[in-house]
Amino acid sequence: MRTASITRTTAETEITVDINLDGTGIYDNQTGVGFFDHMLDQLSRHSLIDMTVRAKGDYHIDDHHTVEDTGIALGQALVAALGDKKGICRYGHFSLAMDDTQVSSALDLSARPFLVWNVDFPSAKIGTFDTELVREFFQALSTHGGITLHIDRVHGLNSHHIAEAAFKSVARALRMAVETDPRMAHALPSTKGKL
C-alpha cells in the first residue's frame, strides 16, 4: 500500500495528513475552515486518494496559515507515499466542466516544482473564505509535492464553481498521474534514472 502520514507543527498551525494513494476516495477532513474542508473532500473523492486531514490554526488572524500549511503537509505526504515513483504514469491532465465554469489542469510528478496559475475569481471571498487562498494551497502543494502544476481557468462566472472546478480538475489529473502503468509497473517513467 502506498500510504503516508505527515505531521507538521509550527507556532501557527498543527496539521496531520494521512493518505492512501490506492484508495477509493474516502475522506475525513477537518481543518476548521468549512469551505476548505469541502475542497479537500473534492480533492480526495475525485483523485480516489483516501485522505484524512486534521488541522488547528491561528484562525484569530485568518485562514491563510491553515490552508498553506495543509498544502505543505499534503505535498510532503504525496512524496512519501510515492516513494521511488517506479511504475507510476507520472503525468496527468484533465479539463473539467462545472456549470458556468471550465478549468483545465496538467501536472508532472517530476520533483521539479513549478506552478502556473491562470485563474481569476470575480469575487474576493466565497462566504468567509478568501479566494486568493486557493492559489496559496496549490503553490504549497506544488512546492512540497515536487509537482509541475499548470491550472488554467478557461471560463467561469461563479467563484465557488471556479474554485471547486480547480480542485476537481487537479484531483482527476493527480488520479491519472499516480496510477500504476501496467506496461511499466516496475520501471521509472524517466530517461534520467531518477525522479
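Here, the structure is the one placed above.
Residues numbered from 1 in each chain as written. Predicted model: local features only at pLDDT ≥ 70, side-chain atom pairs only at ≥ 80, totals over all residues. Heavy atoms only, no water.

1. Structural notes on the pairing of strand β6 (residues 101-108)
Which entries qualify depends on this criterion: Partly exposed residues are those whose accessible area sits between 20% and 50% of the maximum for their type, while under 20% is buried and over 50% is exposed, using a 1.4 Å probe and protein chains only. Per the convention used, a helix needs a DSSP run of H or I reaching at least four residues, while a strand needs a run of E reaching at least two, with both numbered from the N terminus. Two strands form a pair only when DSSP identifies at least two bridges running between them.
Here β6 lies mainly inside the structure; 6 of its 8 residues are buried. Where strand β5 (residues 91-98) lies against β6, 8 bridges are found, and the strand directions are antiparallel. Among the inter-strand pairings, Ala97 is bridged to a residue of β6, identified as Gln102. Pairing between β6 and strand β10 (residues 148-155): 7 bridges, direction antiparallel. Residue pairing for β10: Leu107 is matched across the bridge by Leu149.

2. Examining the packing of helix α2 (residues 64-82) against helix α3 (residues 132-145)
Just so we agree on the cut-off: Only C-alpha atoms enter the line fits that serve as axes; for helices the fit covers just the stretch in contact. Angles between N-to-C directions range over 0 to 180 degrees. In what follows, roughly perpendicular refers to angles from 65 to 115 degrees, roughly parallel to angles under 35, roughly antiparallel to angles over 145, and oblique to any angle outside these ranges. Definitions for this section: a left-handed crossing has its near helix turned counterclockwise from the far helix by less than a right angle. A right-handed crossing has that turn clockwise. By the convention used here, residues are in contact when the closest approach between their heavy atoms is within 4.5 Å.
Two elements in contact, α2 and α3, have axes separated by 7 Å at closest approach and are oriented at 30°. Here α3 runs roughly parallel to α2, going by the angle between their axes. For the pair α2 and α3, the sense of crossing is right-handed. Residues His64, Val67, Glu68, Thr70, Gly71, Ile72, Leu74, Gly75, Gln76, Leu78 and Val79 of α2 form the contact with α3, whose participating residues are Leu133, Glu136, Phe137, Ala140, Leu141, His144 and Gly145.

3. A look at α2
This is how it is decided: For a helix, the expected span equals 1.5 Å multiplied by the number of residues minus one.
Compared with the 27 Å implied by 1.5 Å per residue over 19 residues, the 27 Å span of α2 between its first and last C-alpha is a close match. Counting buried residues in α2 gives 14 out of 19 residues, a clear majority hidden from the surface. Just past α2, the residue Gly83 takes up positive phi, approximately 60°.

4. Considerations on helix α1 (residues 34-47)
The end-to-end C-alpha distance of α1, which contains 14 residues, comes to 20 Å, matching closely the 20 Å that a straight helix rising 1.5 Å per residue would cover. Of all the 14 residues making up α1, 10 are buried; the element is thus mostly covered by neighbouring parts of the structure. If you check which residues of α1 are buried, you get Phe35, Phe36, Asp37, Met39, Leu40, Asp41, Gln42, Leu43, Ser44 and Ser47. Looking one or two residues past α1, Leu48 carries a phi angle of roughly 65°, positive in sign.

5. Quick word on the side chain of Glu164
Within the secondary structure, Glu164 is located in helix α4 (residues 159-178). We classify Glu164 as buried; its relative accessible area is 6%. Beyond its immediate sequence surroundings of up to four residues, Glu164 is in contact with His38, Met39, Gln42 and Met98.

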